[in-house]
Amino acid sequence: IIKKGRVRVYRTTPDGKQLTLDIHEKGTILGDMSLLGQDRLPEAYAEAIDDGVICTITPDELRKLIERYPLIGINIIRHLSGRLQAAERELEAMAYQRVDQRLARKLIDLASRFGVESPRGTIIGARLTQQELAEMVGTTRETLAHTLAAFRRDGLLDTESHRVVIRDAERLAEVAEREG
């Protein structure tokens, strides 16, 4: 359980490339969920992005805790159900949305989770490379770079030192919701 800080979860492909699955923050449950019927992700790794505090619990300890306090089990089910719904939305977006829509949606999501307001706009506090961001929206780094450049030209955002500054969140949301 992440108590403080942020953790990047990624997979490694057979040729050694890393695929960023998501960035998680405090309150997220990560790891072996076999006790709850969830299979381990093959080749999945977690990396701290900044200083943090992680609490661990063995499957046996978790089982005993749930037996003693069933509300803990219900809350874990709620948490995992929310993650499943988010994964289903991601799959649908990959199938039916263009890259600019997926990127706009992901930037809005990251801003809501990690955003810091500034006079220039909302700074996404998570430092991400273009490759990591491309992986998160299911595209290539090159396509992501072109899409970010178009967003900059349109005045939607700026980028600096692996950080995105959203200058016009309302118009970015319109891109995310645009039909066809």
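Reading the values: the criteria
- Residues numbered from 1 in each chain as written.
- Predicted model: local features only at pLDDT ≥ 70, side-chain atom pairs only at ≥ 80, totals over all residues.
- Heavy atoms only, no water.
- Helix = DSSP H or I, 4+ residues; strand = E, 2+ residues; numbered from the N terminus.
- Contact = heavy atoms within 4.5 Å.
- Buried < 20%, exposed > 50% of the residue type's maximum accessible area, 1.4 Å probe, protein only.
- Axes fitted to C-alpha atoms, helices over the stretch in contact; angles between N-to-C directions.
- Parallel < 35°, antiparallel > 145°, perpendicular 65-115°, else oblique.
- Nonpolar A, V, L, I, M, F, W, Y, C, P; charged D, E, K, R; others polar.
- Salt bridge = Lys/Arg side-chain N within 4 Å of Asp/Glu carboxyl O.

Visitor: Please set out the environment of Phe151 residue by residue, giving values where relevant.
Guide: When you line up the elements, Phe151 lands in helix α5 (residues 141–153). Those residues in contact with Phe151, other than ones at most four positions away along the chain, are Asp100, Leu103, Ala104, Leu107, Leu156, Leu157, Leu172 and Val175.

Visitor: So, helix α4 (residues 130–137): which residues are in play, and what are the values?
Guide: Across the eight residues that make up α4, a large majority, six, are buried. Among the residues of α4, those classed as buried are Glu132, Leu133, Ala134, Glu135, Met136 and Val137. Each element contacted by the buried residues of α4 is listed here: β2 (7–12), β3 (18–24), α2 (70–96), α3 (99–114) and α5. Positioned one or two residues after α4, Gly138 has a phi angle of 70°, which is positive.

Visitor: Help me get a handle on the packing of α3 against α4, residues and values and all.
Guide: Orientation of α3 relative to α4, taken along the N-to-C sense of each, is 110°, at an axis distance of 9 Å. Accordingly, the angle class assigned to the pair α3 and α4 is roughly perpendicular. Here Arg102, Leu103, Lys106, Leu107 and Leu110 of α3 come into contact with α4, specifically with Leu133, Met136 and Val137. Split by residue class, the contact of α3 with α4 holds six nonpolar, no polar and two charged.

Visitor: Explain the pattern of salt bridges residue by residue, including any values.
Guide: Within this structure, the stated rule accounts for 17 salt bridges. With its nearest N and O atoms 3.5 Å apart, the salt bridge here joins Arg113 to Asp22. Placement of the pair is Arg113 in helix α3 and Asp22 in strand β3, with a sequence separation of 91 residues. Close ionic contact of Glu90 with Lys106 constitutes a salt bridge, the shortest N to O distance being 4.0 Å. One end of the pair, Glu90, is in helix α2; the other, Lys106, is in helix α3, with 16 residues separating them in the sequence. When its relative accessible area of 25% is taken as the criterion, Glu90 is described as partly exposed. You can call Lys106 buried: its relative accessible area is 7%.

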